[in-house]
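Letter by letter, the chains look like this.
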Amino acid sequence: MSAVEISRVSKSFNAGRADAVDALVDIDLTIEPGEVVSLIGPSGCGKSTALRLIANLLEPTRGEVLVNGKPARQARLDQDYGMAFQQAGLFDWRSVAQNIELPLELKGWDKARRRQRTLEVLELVKLPEFADHLPWQLSGGMQQRVAIARALAVHPPLLLMDEPFGALDEMTREHMQDELLRICGETSTTVVFVTHSIPEAVYLSTRVVVMSPRPGRITGTIDVDLGTGRDVETREATTFFEKVTEVREALRGIPATGSGVEAVDR
Amino acid sequence: MSRPPSSVFRVLWPPVVFGIAFLLLWETAVKAFDLKPYFLPAPSQVWQQFRDNLDLIWEAASVSGANALIGLLVGTALGVAMSFALARYRLLNDLMSPLAVALNAVPIFVLVAVFNNMFSITSEVPRRLMVTLVVYFIVLVNVARGLREVSPTHLELMRSYAASEAAVLRKVRVPNAVPYLFTALKIAAPASVITAFVSEYFGGSQNGLGSRIVGNISISDNAAAWAYVLGACLLGLTFYLAAVALEGALTPGGKRAEDRA
Amino acid sequence: MSGGLGRRIRRVWMFVLSLFLVALVWELYKWLGPQDGGTVFEWKLLPRANDRAMPHVWEMLSRYAEPERRGFDTPIIVVVLQGAWFSFRLALVGFAMGTLVGLGLAILMARFKVVERGLLPYLVISQTVPLIALAPLVVSWGGKLHIGEFEWPRWLSAAVLGAFLAFFPVAVGTLKGLTSTPPASLELMDSYAASWRQTLFKLRFPAAVPFMIPALRLAATASVIGVVVAEISTGLAGGVGRLIIEYAREATADPAKVYTAVFAAALLGMVMTGMVVLTDLVLMRNRPRETST
């Protein structure tokens, strides 16, 4: 059973009106459990829309979205995924721990169980000593870590992320990418990740899905076989740059020709 | 939330200096131009009258203050209750909000003339009703906005949790609206006091500060009138400071309404 | 922009409907409520529902057609509108004066932080001073004022009191606007070696306009309130405030009369505010609009 199955999905907004927009047309995508898949493309290519279709925050105009073998709507009701947004979206009237407990409260967990899980997940993101702090006391990167901890609180098999590191500086970003890989490795979570950054997509993913706009569609998928133990050496390896080039050219409309692509001068 | 003494001094010295300078100017102007009390009483004369009539001033302040307080409490309660209803029922919101905007523009206190007619001549209810009405609209407009204007990211998050509307209300909208309530209270508290005074100008019982001021002016005892005015300002200030203190006590993490993005 | 127009029409409809509902509740209470007032938990909370205390809505409306006093010809609607027009002109003068003073104070406070810290608390306190106390002061000072041939007219006192209430929201709102310019823009002006005055007119003021508009709306209402209260406390004849007091005294004999003046005062307030809103629409046509209530 695949983690996510998108079959012949299209999504239009404002259909029938003057400002109608075809955000996505005829998308097919299957994601297996344990994969880390990035959606990358220029503005308007529909990557955030696709993510929200998986999350059932939007309904497709045509086609079907299955998550964990069920219709997306059921998966949302069953809390089969956790989501992280570009803004951490922490409630500033709640402490860090209380923010993480939010989905658990909604699921009806009792206080002791919530506390225990919160501490577990704070350990995972390496912020246990900040449990009683308020969001405004934390840096942007730390807030995002709390948001990821919150997304993982219900132990979901799937993690959906919409450019969560977009607002961070480059060094923090690279650090967060390593943290994400570590966390997802430890929990064997499937990840669907929307990003603007080519190096980020290549570094994180097992597969990069390239999209283009007007209308939004998938133009290609690139497998990234850089191995599992990714670190700073991976970032400096030739194979990494080759993959980055491959993705870049795919974005520019040049079809991927596999390995042995000529290095392109920046 | 303690501040170092040097910073407290920094904050306090300009208003204190300005205040003292103003009082000195006032006092010397009266003395220098030999102004008669019916024209402009000197601060020293006002202060003398204030001390002499302190018990009467206190009595009058209690009457006006009680009217203001009752109106403030009832108006806030009704305003908060109605704002929940407005958040829940769109139609109600569409009905009430143009009315609230229009009433905000008119000198609503003239309705006291109408209220005085509807109740007995010695009743304080018309004044309390007036304050309630004024406070109600201030609280309603602000709290309704606080319940409505929630960050879209928070709403998406709650939707991803398949949370019910009631859960969204309890866990997101209400906490979001709390700073708006305090903004409203900081406006409504002094407004309640002023409305209580103004309501006394339209006849009815003559026990409050407003009517005493009018009374003293009509017998040309300006110094006494201004002593009552001092009482009135103190009452208004007390209400405002109480609202600020309440906000400080009830806001988690000590972040004020104005400090939020 | 048909969507915007449709929304506005709907809002007007809703407003009319809400007025109708208020009238309905009024009549319902008259029908069901205690004729001589009643008690709720021992408190005399319920108003009298009889015809003298609470005239019917149609009586209020039809009263407009009848004359002010028996034996006269002009229907009261003319009298009341004339009073409203009188007060309107006073409020306009008060609004203009208050706006000028408010702007001046705001610029002063924005320029010198010390002035802001020292003066602002007193500006706040000044608004708690009941107008009823200031009114006789203003009148007697005005009486003593002789600059050449200029004699202080009585109506100017009312306008000054209107200005007294109007200046505060203008000062506070404008100050907020002037001090909330983005630091990056200020640095840009610094890099042009612009003087404080140039920065004020080319950057701070235009940037402050979105803050000033709601402040001016409040000032419009405030000037009306100030003028009406001033009319009541100084006994100034000719305005709608005086009419309300007069008619209220005759309420036992002619209950619907006072309502004619009350509605006229409401109309005055709405026209005054409406003018500011209209000016806002005209001036801000080219700016991105933020949604408000």
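Details of the structure are given in the entry above.
Residues numbered from 1 in each chain as written. Chains lettered and ligands numbered in written order. Predicted model: local features only at pLDDT ≥ 70, side-chain atom pairs only at ≥ 80, totals over all residues.

Chemist: So what about the packing of helix 3 (residues 76-111) of chain C against helix 9 (residues 240-249) of chain C? Which residues, and what values?
Modeler: Pairs of packed helices are described in terms of their axes, by the angle between the two and the distance that separates them. Residues and elements named next belong to chain C. Interaxial distance between helix 3 and helix 9 falls to 7 Å at its minimum, and their mutual angle equals 135°. Here helix 3 lies oblique to helix 9, going by the angle between them. Contacts between helix 3 and helix 9 involve Val-80, Gly-83, Ala-84 and Ser-87 from the former and Val-240, Gly-241 and Leu-243 from the latter. Of the residues that constitute the contact of helix 3 with helix 9, the class distribution is four nonpolar, three polar and no charged. (Axes fitted to C-alpha atoms, helices over the stretch in contact; angles between N-to-C directions. Helix = DSSP H or I, 4+ residues; strand = E, 2+ residues; numbered from the N terminus. Parallel < 35°, antiparallel > 145°, perpendicular 65-115°, else oblique. Contact = placed C-beta atoms within 7 Å. Nonpolar A, V, L, I, M, F, W, Y, C, P; charged D, E, K, R; others polar.)

Chemist: Can you lay out the pairing of strand 3 (residues 36-40) of chain A for me, pointing to particular residues and giving the numbers?
Modeler: Residues and elements named next belong to chain A. For strand 3, a buried count of five out of five residues is recorded, marking the element as mostly surrounded by other parts of the structure. Burial of strand 3 is two-sided: the residues Val-36, Ser-38 and Ile-40 facing one way and the residues Val-37 and Leu-39 facing the other way are all buried. Bridge count between strand 3 and strand 8 (residues 190-195): five bridges; the pairing is parallel. Of the residues in strand 8, the one forming a bridge with Leu-39 is Val-194. Relative to strand 9 (residues 207-212), strand 3 runs parallel, the two sharing four bridges. Counterpart to Val-37 in the pairing with strand 9 is Arg-207. (Buried ≥ 20, exposed ≤ 12 C-beta atoms within 10 Å, placed from the backbone. Pairing = 2+ DSSP bridges.)

Chemist: Just give me the short version of the environment of Val-174 of chain B, but keep the residues and values in it.
Modeler: Turning to its location among the elements, Val-174 of chain B is positioned in helix 8 (residues 165-199). Note: C-alpha distance between Val-174 of chain B and Trp-13 of chain B (161 residues apart in sequence) is 39 Å.

Chemist: Explain the interface of chain C and chain B to me, and be specific about the residues and the numbers.
Modeler: Listed per partner, the contact involves 47 residues of chain C and 49 residues of chain B. Ranked by residue count, the leading element in the side of chain C that touches chain B is helix 10 (residues 257-283) of chain C, at eight residues. For the side of chain C that touches chain B, the per-class residue count stands at 33 nonpolar, ten polar and four charged.

Chemist: I'd like a rundown of helix 8 (residues 196-234) of chain C, residues and numbers included.
Modeler: Residues and elements named next belong to chain C. The end-to-end C-alpha distance of helix 8 is 43 Å, clearly below the 57 Å that 39 residues give at a rise of 1.5 Å each. The sharpest bend along helix 8 measures roughly 50° and falls at Pro-210. A positive phi of about 65° marks Gly-235, the residue just after helix 8. (Expected span 1.5 Å × (residues − 1). Bend = angle between axes of the 7 residues up to and from the residue.)

Chemist: Break down unusual backbone geometry for me, with residues and values.
Modeler: Residue and element names in this part refer to chain A. Pro-215 follows Arg-214 through a cis peptide bond whose omega is -10°. Mapped onto the elements, Pro-215 comes out in the loop between strand 9 and strand 10 (217-223). Here the phi dihedral of Asn-68 falls at roughly 60°; this positive angle occurs in a residue that is not glycine. Among the structural elements, Asn-68 can be located in the loop between strand 4 (62-67) and strand 5 (70-71). Residue Asn-68 is classed as buried on the basis of its 21 C-beta neighbours within 10 Å. Phi at Gln-79 is positive, roughly 60°, even though this residue is not glycine. For Gln-79, the location among the structural elements is in the loop between helix 2 (72-77) and strand 6 (81-84).

Take it as geometry only, folks, not as evidence of what the structure does.
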